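What the coordinates show
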Amino acid sequence: MSTTEAERAASLVAAEEKAEELFAEVARRELVRPGVQESAVSRAVRDLGAELFGTDKHWHKRIVRSGPNTLQPYRENPPDRTIEADDIVFLDFGPIFAEWEADFGRTFVLGDDPVKLRLQADLPRIWAAGRAHFDAHPDITGAELYAHVVGLAEEAGWDFGGAHSGHLVGEFPHETIDGERIESYIAPGSTASMRRTDRVGRECHWILEVHLVDRERGIGGFHEQLLTLRG
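The rules we used
- Residues numbered from 1 in each chain as written.
- Predicted model: local features only at pLDDT ≥ 70, side-chain atom pairs only at ≥ 80, totals over all residues.
- Heavy atoms only, no water.
- Helix = DSSP H or I, 4+ residues; strand = E, 2+ residues; numbered from the N terminus.
- Expected span 1.5 Å × (residues − 1).
- Buried < 20%, exposed > 50% of the residue type's maximum accessible area, 1.4 Å probe, protein only.
- Arc of directions from axis to C-beta.
- Contact = heavy atoms within 4.5 Å.
- Core = buried A, V, L, I, M, F, W, Y, C linked by side-chain atoms within 4.5 Å.
- Polar contact = N/O pair within 3.5 Å; in protein donor to acceptor, adjacent residues only side chain to side chain.
- Phe/Tyr/Trp six-rings, centres within 6.5 Å; stacked < 30°, edge-to-face > 60°.

1. Quick notes on helix α2 (residues 38-53)
Relative to the 22 Å expected for 16 residues at 1.5 Å per residue, α2 spans 22 Å between its end C-alpha atoms, a close match to the ideal helical length. Those residues of α2 that sit buried are Glu38, Val41, Ser42, Val45, Leu48 and Gly49. Axial view of α2: buried residues confined to an arc of 125°, hence all on one face. Buried-residue contacts for α2 involve α1 (5-28), β1 (63-66) and β2 (88-93). Directly beyond the C-terminal end of α2, a positive phi value near 75° is found at Gly54.

2. What to know about the nonpolar core
Counting 28 residues, the largest nonpolar core has Leu145, Phe160, Met194, Val210 and Leu212 as the members making the most contacts within it. Elements that contribute at least two residues to this core include exactly α3 (114-136), α4 (142-155) and β8 (205-214). Contact partners of Met194, with chain neighbours within four places excluded, come to Phe134, Ile140, Thr141, Gly142, Leu145, Ile186, Cys204, Trp206 and Leu227.

3. Some remarks on the side chain of Asp87
With respect to the secondary-structure elements, Asp87 resides in the loop between β1 and β2. Of the residues examined, Asp87 reaches a relative accessible area of 5% and is grouped as buried. A polar atom in the side chain of Asp87 sits 2.7 Å from the side chain of Arg81. At a separation of 2.6 Å, a polar atom in the side chain of Asp87 contacts the main-chain amide nitrogen of Glu84.

4. Topic: the packing of aromatic side chains
Evaluation of the coordinates by the stated rule reveals 4 aromatic pairs. A centroid spacing of 6.1 Å and a plane angle of 85° characterise the contact between Phe23 and Phe93, whose relative ring orientation is edge-to-face. With a gap of 70 residues between them, Phe23 in helix α1 and Phe93 in strand β2 connect regions that are remote in the sequence. The buried category is assigned to Phe93, whose relative accessible area is 0%. Arranged with centres 5.1 Å apart and planes meeting at 80°, the rings of Phe23 and Phe104 form a pair that is edge-to-face. Taken together, the positions of Phe23 in helix α1 and Phe104 in strand β5 (residues 104-109) put the pair 81 residues apart, joining distant regions of the chain. Residue classification places Phe104 among the buried residues on the basis of a relative accessible area of 2%.

Below is the structure:
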């Protein structure tokens, strides 16, 4: 795909805007509701993406997790679960729009449990604080940003649930280019500057993700979107 850096940036932002629209419609149609299995919600969101935007593929597995399943990081595959009336639920989807990857995660709270509502509210706040730290440190590495985000989680009284807090994003399929190289992640051991070009000279763009958990209560939440490109 031959595009300028400005075109690449615009395409990634446009993909995320569509993902944001998709999640807003998920909420409007109340697809996340009690009595529905996680797998059924996943299929409903997939079908909604096809209906609204014609997207028919995702670059990573579709994740819908509720209740105790929200403690599990991306790589795990907990048993399918029926959503309950007072649950916390998160969605993590990677739809592809016109061959550009989006990666978007949001958390829903069913009911009025104050701890779950506080967790839901802390997710975007900690995400924004992580981005502010990235913006303030031009030479920051993935390992340094990960450590900062983990610290923010702990300051707020949560554990951090993931082995990393984000990754590169770009033209589909970026995973076949970067594979499991640690430099592709915001994680311990990722010691290269995040503001760099990739192996073919393109500017690196990143997703920042926040997975907060309370292991004692058996709940977690998730929030992710583009770290770069948006003001």
